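For reference, the chains in residue letters:
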Amino acid sequence: MHYPSNLDVIRGEPEIDLFGTTLPGSILEVTYDSREDMERSIILRADFEGHFVVTIPLAEGFNVIEVISNNSASPEPKHQLLQLTYDSTPLTLFLEIAQPDNGATVTNRVMTISGETLPGAQVVVNEIIPAPPDASGRWQADIVLRPGLNEISVLAIREGTSVETMITVTFQP
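The model shown is predicted, which means the values in this text are computed figures rather than measured ones.

## Section: the layout of surface pockets
- For the largest pocket, the calculated volume is near 590 Å³.
- Surrounding the largest pocket, 24 residues form its lining, Y3, I10, R11, P119 and A135 being those nearest its centre.
- Elements supplying a minimum of two residues to the lining of the largest pocket: strand 1 (9–11), strand 2 (15–21) and strand 10 (110–117).
- Top contributing element to the lining of the largest pocket by residue count: strand 2, with 4 residues.
- Tallied by class, residues from the lining of the largest pocket come to 12 nonpolar, 4 polar and 8 charged.
- Of the pockets and cavities examined, the second largest pocket occupies roughly 150 Å³.

## Here's the deal with the sheet that holds strand 10
- Overall, antiparallel pairing links the 3 strands, which are arranged 8-10-13 in an open sheet. Edge strands, defined here as strands with exactly one partner in the open sheet, are strand 8 (95–99) and strand 13 (138–144). Averaged over all adjacent pairs, the angle separating strand axes in this sheet is 30°, with direction ignored.

## Remarks on the environment of V30
- Here V30 shows up in strand 3 (residues 27–33).
- The exposure class assigned to V30 is buried, which follows from its relative accessible area of 0%.
- Along the chain, V30 and V67 lie 37 residues apart, while their C-alpha atoms are 4.6 Å from each other.

## Observations regarding the side chain of S153
- In this fold, S153 is placed in strand 14 (residues 148–158).
- Accessibility expressed as a relative area gives 10% for S153, which makes it buried.
- Those residues within four positions of S153 in sequence are excluded, and the remaining contacts are V124, V125, N126, E127, E164, T165 and M166.

## Observations regarding the sheet that holds strand 12 (residues 129–130)
- Reading across the sheet, the 5 strands line up as 9-15-14-11-12 and stay open at both edges, with mixed pairing between neighbours. Here the strands that pair on one side only, and so sit at the sheet edges, are strand 9 (104–106) and strand 12.
- Where strand 11 (residues 122–125) and strand 14 come together, 4 bridges link them in antiparallel fashion. Within strand 14, the position partnered with Q122 by the bridge is I157.

What counts, and where the lines are drawn
- Residues numbered from 1 in each chain as written.
- Predicted model: local features only at pLDDT ≥ 70, side-chain atom pairs only at ≥ 80, totals over all residues.
- Heavy atoms only, no water.
- 1 Å grid on protein atoms, 1.4 Å probe; cavity = no way out; pocket = protein on both sides within 12 Å on 5 of 7 lines; lining within 4 Å.
- Points joined across faces, edges and corners; volume = space filled by probe spheres on them.
- Helix = DSSP H or I, 4+ residues; strand = E, 2+ residues; numbered from the N terminus.
- Nonpolar A, V, L, I, M, F, W, Y, C, P; charged D, E, K, R; others polar.
- Pairing = 2+ DSSP bridges.
- Axes fitted to C-alpha atoms, helices over the stretch in contact; angles between N-to-C directions.
- Buried < 20%, exposed > 50% of the residue type's maximum accessible area, 1.4 Å probe, protein only.
- Contact = heavy atoms within 4.5 Å.

Printed below as a string of structure tokens:
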């Protein structure tokens with residue numbers, strides 16, 4: 001499996017999109033404990049490249065998901081367990097800029113700005129450049145600088161809440 005990773009803590013919506021790769025055309029059985037405390041199973045088939053995705057509901061606290069992959073090319077089914085913790089505590093929107101440092105001087109006209117926010121947020125740089133976060137909330141965007149001092153604004157929005165951060169960068173060609 002590619003996402004989520006074993007022992008991850010999941011916040012936000014009480015479900016995950018479980019995705020991964022197995023042998024092409026494999027039949028997968030995904031078993032999990034539902035919110036009703038009853039074990040549930042979903043049967044699906046991996047695509048022609050072996051990719052699969054399935055949405056799994058999560059219960060508050062500890063969750064165990066088992067994925068069994070069956071394929072005629074393999075004599076034994078492959079088993080994988082995934083242990084997750086779901087925390088429904090409301091999250092506070094945040095926005096961090098990791099690179100570049102505020103006040104930095106750069107010599108390249110095109111610069112990558114990157115940082116982190118709450119997963120599921122929308123991030124926009126300088127009001128027009130989208131910087132979609134990945135599943136962990138990490139984002140990045142390339143911007144073109146003009147000579148001299150450049151003010152850069154980054155805005156994160158999620159569920160009607162927004163946070164904005166500003167930095168300055170000097171471009172010296």
